[in-house]
Amino acid sequence: MAEALGDYLADPRTVWTADSADLLRILAATKPRLVLLDPAVAADGGPSVVPALEAARRTGATVVLCGRYDDLRLRSAELTRVTNLVFGLPHDIRRLARTIRLTMTMDGAPPPAPVSPSLRKAIGEGRDALERAVRGLRAGRPPDPAALVEAATGISDLAGSPELRRMRDLLRAHHDPTYTHSLRVAAGLVLFGEAFGIGAGDLRTLALAGLLHDVGKALLPRSLLEKPQRLAADEWHLVRQHPVTGEKMIRDIGGLPATVHEVAARHHERLDGSGYPNGLTAAELDEASLLCTIVDMHVALTEPRAYKAAISDVEAFNLMATRHAGGIEGHFLRRYRELILDQAAEPAAA
Ligand SMILES: [Fe+2]
Ligand SMILES: [Fe+2]
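Values in this document were obtained by computation on a predicted structure and should not be read as measured data. (Residues numbered from 1 in each chain as written. Chains lettered and ligands numbered in written order. Predicted model: local features only at pLDDT ≥ 70, side-chain atom pairs only at ≥ 80, totals over all residues.)

Undergrad: Quick question: what am I supposed to make of the overall build of the protein here?
TA: A tally of regular secondary structure across the protein gives 17 helices and four strands. The burial tally for the protein puts 41% of its 350 residues in the buried class. Relative to all contacts within the protein whose residues are 6 or more apart in sequence, the contacts with residues 24 or more apart total 67%. (Helix = DSSP H or I, 4+ residues; strand = E, 2+ residues; numbered from the N terminus. Buried ≥ 20, exposed ≤ 12 C-beta atoms within 10 Å, placed from the backbone. Contact = placed C-beta atoms within 7 Å.)

Undergrad: Any chance you could explain the nonpolar core here in plain terms?
TA: The tendency in soluble globular proteins is for nonpolar side chains to be buried as a group. Membership of the largest hydrophobic core comes to 56 residues, with the highest contact counts inside it found for A186, L189, V190 and A207. Tallying contributions element by element places helix α9 (residues 177-195) first for this core, with nine residues. (Core = buried A, V, L, I, M, F, W, Y, C linked by C-beta atoms within 7 Å.)

Undergrad: Would you mind showing me how to read the pairing of strand β3 (residues 62-68) here?
TA: Walk down a regular strand and you will see the side chains alternate between the two sheet faces. In terms of burial, β3 is a largely internal element, six of the seven residues being buried. Two strands pair when backbone bridges link them, and strand β2 (residues 34-37) and β3 are joined in this way by four bridges, in the parallel orientation. Bridging from a neighbouring strand, L34 pairs with T62 of β3. Of the pairings in the sheet, the one linking β3 to strand β4 (residues 85-89) comprises five bridges and is parallel in character. For V64, the partnering residue across the bridge sits in β4 and is L85. (Pairing = 2+ DSSP bridges.)

Undergrad: Sorry, what's going on with helix α10 (residues 200-212) here?
TA: Each turn of an α-helix holds 3.6 residues, which means side chains three or four residues apart point in the same direction. Spanning 13 residues, α10 covers 19 Å between terminal C-alpha atoms, matching the ideal 18 Å at 1.5 Å per step. Within α10, ten of the 13 residues are buried, leaving the element largely enclosed by the surrounding structure. Regarding α10, the residues found buried are L203, R204, T205, L206, A207, L208, A209, G210, L211 and L212. (Expected span 1.5 Å × (residues − 1).)

Undergrad: Hey, could you run me through the packing of helix α6 (residues 117-138) against helix α7 (residues 145-156) in this one?
TA: Working note: a packed helix pair is described by the angle between its axes plus the distance between those axes. Two numbers describe how α6 lies on α7: the axes approach to 8 Å, and their chain directions differ by 155°. One element, α6, and the other, α7, form an angle in the roughly antiparallel class. When you trace α6 past α7, the crossing you get is left-handed. On the side of α6, the interface is formed by K121, A122, E125, G126, A129, R132 and A133, while α7 contributes A147, L148, E150, A151, G154 and I155. Residues belonging to the contact of α6 with α7 are distributed by class as follows: seven nonpolar, two polar and four charged. (Axes fitted to C-alpha atoms, helices over the stretch in contact; angles between N-to-C directions. Parallel < 35°, antiparallel > 145°, perpendicular 65-115°, else oblique. Left-handed = near helix turned anticlockwise from the far one by under 90°. Nonpolar A, V, L, I, M, F, W, Y, C, P; charged D, E, K, R; others polar.)

Undergrad: How should the environment of A56 be read in this particular structure?
TA: Of note, A56 is situated in helix α3 (residues 50-58). Take A56: there are 25 C-beta atoms within 10 Å of it, and that puts it in the buried class. Through-space distance from the C-alpha of A56 to that of V35 is 8.9 Å; in sequence the pair is 21 residues apart. When sequence neighbours within four positions are dropped, the list of residues in contact with A56 reads L27, P32, V35, A61 and V63.

Undergrad: What should I look at first to understand the environment of R135 in this one?
TA: With respect to the helices, strands and loops of the structure, R135 is situated in helix α6. R135 sits in the exposed class, given 12 other C-beta atoms within 10 Å.

Undergrad: Which parts of the structure should I look at to understand the environment of G210?
TA: Within the secondary structure layout, G210 lies in helix α10. With 57 residues separating them along the chain, G210 and H267 place their C-alpha atoms 10.0 Å apart. Apart from residues lying up to four places away in sequence, G210 is in contact with S182, V185, A186, L189 and C292.

Undergrad: Can you help me understand the confidence of the model for the protein in this one?
TA: Segments scoring low in pLDDT should not have their predicted coordinates read at a detailed level. Scored by pLDDT, the protein has a mean of 82; 82% of the residues are at 70 or more. Helix α14 (residues 258-266) holds the highest mean pLDDT among the elements of the protein, 97, whereas helix α1 (residues 2-6) holds the lowest, 62. (pLDDT = per-residue confidence, 0-100.)

Written out as structure tokens, the structure is:
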């Protein structure tokens, strides 16, 4: 595996071991940039490798857990907590290498170009506001809507700047899936809204809707969100409830625009009635939810997940225009495709 990946990864200093004592020795002696970890290390009776992996992460290593698709140890909460990516094998080796490379760029090394203070501030505030919101809701305390609006304002204030596109790219392979996914959807919705000539106030509402569209998912067990295998029927049922849970959580927060409620409740509905949770059809769906469906689908397809690698923008749009054509709005899709691919042609794009 390490050799196969070595052909694709620029940096060949790769550590690959299934033995925990061996791994501890290597981590103590070197500062690897990449650790490909076999799940056997947690179960071979040796000393725990978790603190050593945490230390390696702090010095910039990217840790990738790879094992057979049906190996239950891939779901070990202790191991997944210290890994950037989890992959079930067999897996397309080129895609695996590409995702690892992207993650190393995003997580391990400093970003290739300096990040402006306004971008850093928008990302930081968005994340903080989401994390506080989820912590508060878990504890039964509604978060402060003003703080969420402020975070959305930071993102929508970047409208019209290449910074917004950069935000989406910077967050692409981040390992903290729900928050970064939500920030990317917020950034994508602002890009989209701006292209349709939507005014500043409504852009802020779109950013807020993007930030909170999956808030119901943040209360699902992490093990379920990061499960590398296909979900069982009861697990899938639970995941499909996140629009309902999310909309209720937004009601509990109170004081947020109706669009934010609608997007959370309807972003998995489809024009042809094939979506969930209510199987709504075209006439029942609002514009903001239709925009969010497209951004959310594109963002999800181009992000790595525990159960799949990321695909390129072009592959994602091809899939959306074929397999998902009946469920999403064609005119919006074409406009968004142009918007993203035009920008991808610029030199700063990933
Ligand atoms: Fe969702
Ligand atoms: Fe989503």
